[in-house]
Amino acid sequence: MKIEPVIGLEIHVQLKTKSKMFCSCENISEDRPPNTAVCPVCTGHPGTLPVANAEAINLGVRAGLAINCTIPDRAKFDRKNYFYPDLPKGYQISQFDEPVAIKGWLDIEVPSAKAHERKTAHIGITRLHLEEDAAKLSHSTDGKASYVDYNRGGTPLAEIVTDPDFASPAEARVFLQELQRIMRAVGASDADMEKGMMRCDANISMREIVEKPEGERLAMQLNPKTEVKNINSIRNVERALEFEIKRQTAVWEETHAPVAETTTRGWDDAKGITVDQRSKEAAHDYRYFPEPDLPGLDLVAIREAQTKLVPELPQAMRARFIDEYGFNREDATIMTDDAALADYVEEIMSEMRVWLHDNGEIEGTDDEKWEANKAKIAKLVSGWLLSKLGGLLIEKKLSWSDAKTKITAENFGDFLALIYASKMNSAAAQIVLAEMLATAKEPEAILEEKNLGQQSSADDLKPAVEGVLNQYVDQVLQYKAGKVQIIKFLVGAVMKATNGKANPQVAEEMLKEMMK
Ligand code: ZN
Ligand code: MN
């Protein structure tokens, strides 16, 4: 008998609005003294009334569109009733049967070492609904006191629920990475899991697969699921699911049956295990009913307006960086994961197009020039921008936005053009790049100022080459006698004589010519 995991995710995303979901308090729970961003509405005082935040609705609809959801004509809010100290009203305003977005999907690319694993996974999205966050509880280490900070209470959340479509923990990880990129791209959230801006609960159960001899696979019924809560990073979602697969497989092997009832478990990061939390409480009755203090939402006009505001999404941008600019998948992913860097790359590539257009030495129409040179340009950009400048930024603790204020796309384009045209060698280019970042000067100015320009003309190099031939008579004789590899020594001597400024290819050609 073969058993396989069935995985679904529930993700809460904090929406990036100025104010809270149903009141005008500032939406900043971080970096504020406890209980200073609160008002009678979000602390549940009797007689107060909620007013829905229009921007939160806009962002929820935009995020829903970005994950291919249908936006219904209307939606409404409902009360989800439960009692807990982090919930001052005794209920959470959420959405039950008429959420702002339904029936979406996301196709994810799954990096896979094993041949039988799928390469793309189609993940259905059940719904995206809006709700308010609960307050934050903290407990003293001696266990004698608990504290409530209502700053977070009432901040806007989008909850995204997927279909149980994940076949492995790795698929769940890749989905969350993509969802995080999408939330950032549409401006819905910074979606930083470590800061609690994106929180994930994972549902997992095991089910029996019957493999018929003729190759047909029959998936048997779904079994009670285990919900793993409080997972604080994408990597830990994967780890928690891997742990659950092992645990639930062991239960099945021991009892010859799946885990018998729906349970909730927590992720213990330090131990790397899940622990049972409250299996007795699993059968919640939230007594949902429509929120009487809020009118229904007419989404027709909002849907139309938000459809126009969905930007190019990360998957499409990555594909374009690969097709149009010629980057490899890995570089394209790094470049498009940082909005400032992605913009920078686009500006630089456009500078390179202009440079090719203006360059009379390269033949063809603009498109022909681009197609013939883009592979070389992409290699230069990934090497000098990602590796070299990226390295300098890490060293100096700077961001890509910082880099752009020092090195304009135009100056970076000029810098690449100098390398392309062999006007400076790689050692000189490193010095120039560091100087550009430090001083914001133009590359040509630095090259001249520091006297670093590469000598590629025969006229420039002739004195040095002649000097070397005169100085190393023995080596010249050995070369002429057939020991051709000694040319490297002679090229090195020319480099030394020119303080590293000689173009080594030109120097080698000249040496060979003059020793004929
Ligand atoms: Zn408030
Ligand atoms: Mn929720």
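Quick notes on the rules
Residues numbered from 1 in each chain as written. Chains lettered and ligands numbered in written order. Predicted model: local features only at pLDDT ≥ 70, side-chain atom pairs only at ≥ 80, totals over all residues. Heavy atoms only, no water. Helix = DSSP H or I, 4+ residues; strand = E, 2+ residues; numbered from the N terminus. Rg over C-alpha atoms; globule rule 2.2 N^0.38 Å. Buried < 20%, exposed > 50% of the residue type's maximum accessible area, 1.4 Å probe, protein only. Contact = heavy atoms within 4.5 Å. Areas by Shrake-Rupley, 256 points an atom, 1.4 Å probe, with all protein chains shown as cover. Lys, Arg positive; Asp, Glu negative; His and termini not counted. Charge placed at Lys NZ, Arg CZ, Asp CG, Glu CD. Pairing = 2+ DSSP bridges. Donors = N, O, S within 2.8 Å, 3.2 Å for Na, K, Ca; no water. Tetrahedral: all angles 85-135°; square planar, octahedral: opposite > 155°, others 65-115°. Patch = residues over 30% accessible without salt bridge, like charges linked within 9 Å, V, L, I, M, F, W, Y side chains within 5 Å. Salt bridge = Lys/Arg side-chain N within 4 Å of Asp/Glu carboxyl O. Domains from an automatic or database assignment. Core = buried A, V, L, I, M, F, W, Y, C linked by side-chain atoms within 4.5 Å. Axes fitted to C-alpha atoms, helices over the stretch in contact; angles between N-to-C directions. Parallel < 35°, antiparallel > 145°, perpendicular 65-115°, else oblique. Left-handed = near helix turned anticlockwise from the far one by under 90°. Nonpolar A, V, L, I, M, F, W, Y, C, P; charged D, E, K, R; others polar. Polar contact = N/O pair within 3.5 Å; in protein donor to acceptor, adjacent residues only side chain to side chain.

Peer 1: How would you sum up the overall build of the chain? Please name residues and give values.
Peer 2: Helix and strand counts for the chain come out as 16 helices and 16 strands. At 31 Å, the chain has a C-alpha radius of gyration far larger than the 24 Å of a compact globule built from 516 residues. When its C-alpha atoms are laid out on the principal axes, the chain stretches across 95 × 60 × 55 Å. Looking at the chain as a whole, 47% of its 516 residues are labelled buried. In the chain, of all internal contacts separated by at least 6 residues, the share reaching a separation of at least 24 is 69%. Split by element, the accessible area of the chain, about 26200 Å² in all, is 52% carbon and sulfur. On the chain, the mean spot of the 64 positive side-chain charges and the mean spot of the 82 negative ones are 3 Å from each other.

Peer 1: Got a sec to walk through the pairing of strand 3 (residues 78–81)? Specific residues and values, please.
Peer 2: Side chains D78 and K80 of strand 3 all project onto a buried face; the interleaved residues R79 and N81 project onto the opposite face, where all are buried too. In the sheet, strand 3 pairs with strand 4 (residues 91–94) via four bridges, with the strands oriented antiparallel. The residue of strand 4 that forms the bridge with R79 is I93. Two strands pair when backbone bridges link them, and strand 3 and strand 15 (residues 289–290) are joined in this way by two bridges, in the antiparallel orientation. Within strand 15, the residue paired with D78 across the bridge is P290.

Peer 1: Quick rundown of the coordination of the manganese ion (ligand 2)? Include the residues and the values.
Peer 2: Protein-derived coordination of the manganese ion (ligand 2) comes from H12 (NE2), E131 (OE) and E159 (OE), at a distance range of 2.1 to 2.2 Å. Look at where the donors of the manganese ion (ligand 2) fall in the sequence and you get H-x118-E-x27-E. One end of the pair, H12, is in strand 1 (residues 2–14); the other, E159, is in strand 9 (residues 156–162), with 147 residues separating them in the sequence. You can call E159 buried: its relative accessible area is 8%.

Peer 1: Kindly report on the coordination of the zinc ion (ligand 1), identifying the contributing residues and their values.
Peer 2: Protein coordination at the zinc ion (ligand 1) comes from C23 (SG), C25 (SG), C39 (SG) and C42 (SG), with a distance range of 2.3 to 2.4 Å. For the zinc ion (ligand 1), the four donor atoms are set out with angles of 98 to 115° between them, so the coordination reads as tetrahedral. Going along the chain, you hit the donors of the zinc ion (ligand 1) in the pattern C-x1-C-x13-C-x2-C. On the criterion of sequence distance, the pair formed by C25 in the loop between strand 1 and helix 1 (54–66) and C42 in the loop between strand 1 and helix 1 is long-range, its members being 17 residues apart.

Peer 1: Pulling in residues and values, what's your account of a negative patch on the surface?
Peer 2: Taken together, E410, E442, E444 and E448 make up a surface patch of like negative charges. Mapped onto the secondary structure, E444 falls in helix 12 (residues 443–449).

Peer 1: Explain the sheet that holds strand 3 to me, and be specific about the residues and the numbers.
Peer 2: Pairing is antiparallel across the open sheet formed by three strands, whose spatial order is 4-3-15. The sheet terminates laterally at strand 4 and strand 15, the two strands that pair on one side only.

Peer 1: Kindly report on the domain arrangement of the chain, identifying the contributing residues and their values.
Peer 2: For the chain, the domain assignment lists domain 1 (3–307), domain 2 (314–449) and domain 3 (458–514). Centre-to-centre separation of domain 2 and domain 3, based on C-alpha positions: 33 Å.

Peer 1: Could you give an account of the nonpolar core, naming the residues involved and the relevant values?
Peer 2: In terms of nonpolar packing, the biggest core is built from 62 residues, with L9, I11, I67, V100, F175 and L176 touching the most fellow members. When neighbours within four sequence positions are excluded, L9 is seen to be in contact with I160, V161, T162, F166, A172, F175, L176, C200, D201, A202 and V237.

Peer 1: I'd like a rundown of the packing of helix 1 against helix 4 (residues 300–307), residues and numbers included.
Peer 2: The angle between the axes and the distance between the axes are what describe a pair of packed helices. Here helix 1 crosses helix 4 at 60°, and the two axes come no closer than 9 Å. Viewed along their axes, helix 1 and helix 4 adopt a mutual orientation that is oblique. Judged by the sense of rotation from one axis to the other, the crossing of helix 1 with helix 4 is right-handed. Contacts between helix 1 and helix 4 involve I57, N58, V61, R62 and L65 from the first element and I302, R303, Q306 and T307 from the second. In terms of residue class, the contact of helix 1 with helix 4 is made up of four nonpolar, three polar and two charged.

Peer 1: I'd love a proper account of the packing of helix 13 (residues 458–471) against helix 16 (residues 504–514), names of residues and values included.
Peer 2: It is at 10 Å that the axes of helix 13 and helix 16 come closest, and there the two elements cross at 55°. In this view, helix 13 runs oblique relative to helix 16, as classed from their interaxial angle. For the pair helix 13 and helix 16, the sense of crossing is right-handed. Where helix 13 approaches helix 16, its residues A458, L461, K462, V465, E466 and L469 are matched on the opposing element by V506, A507, M510, L511 and M514. Each residue belonging to the contact of helix 13 with helix 16 can be placed in one class, and the counts come to nine nonpolar, no polar and two charged.

Peer 1: Summarise the side chain of N359; cite the residues concerned and give the values.
Peer 2: Structurally, N359 is set in the loop between helix 7 (339–358) and helix 8 (366–395). A distance of 2.9 Å separates a polar side-chain atom of N359 from the backbone nitrogen of E361.

Peer 1: Residue-level account of unusual backbone geometry, with values.
Peer 2: At N68, a residue that is not glycine, the phi angle is positive and equals roughly 60°. Turning to its location among the elements, N68 is positioned in the loop between helix 1 and strand 2 (74–75). Of note in this structure, K103 is not a glycine but carries a positive phi near 50°. Counting through the fold element by element, K103 comes out in strand 5 (residues 101–109).

Peer 1: Outline the pattern of salt bridges, supporting the account with residue identities and numerical values.
Peer 2: In the structure shown here, the tally under the stated rule is 38 salt bridges. For E26, the salt bridge is made with R32, and the minimal N-O distance between the two is 3.0 Å. For E26, a relative accessible area of 43% corresponds to the partly exposed category. Exposure remark for R32: the relative accessible area of 30% places this residue in the partly exposed category. Each of the salt bridges in this network shares a partner with another, and the network as a whole consists of E109, E178, R181, R318, R329 and D337.

Peer 1: Mind laying out the side chain of R318, listing which residues take part and the relevant values?
Peer 2: Within the secondary structure, R318 sits in helix 5 (residues 314–323). Residue class for R318 comes out buried when judged on its relative accessible area of 4%. Excluding residues that lie within four positions of it along the chain, R318 makes contacts with E109, E178, R181, A332, T333 and T336.

Peer 1: Describe the pairing of strand 10 (residues 198–211), with residues and values.
Peer 2: Pairing between strand 1 and strand 10: twelve bridges, direction antiparallel. Opposite I11, over in strand 10, you have C200 as the bridge partner. Inspection of the sheet shows strand 10 paired to strand 12 (residues 226–231) by four bridges, in the antiparallel sense. Bridge assignment links C200 to a residue of strand 12, and that residue is I231. Across three bridges, the pairing between strand 10 and strand 11 (residues 217–219) is antiparallel.

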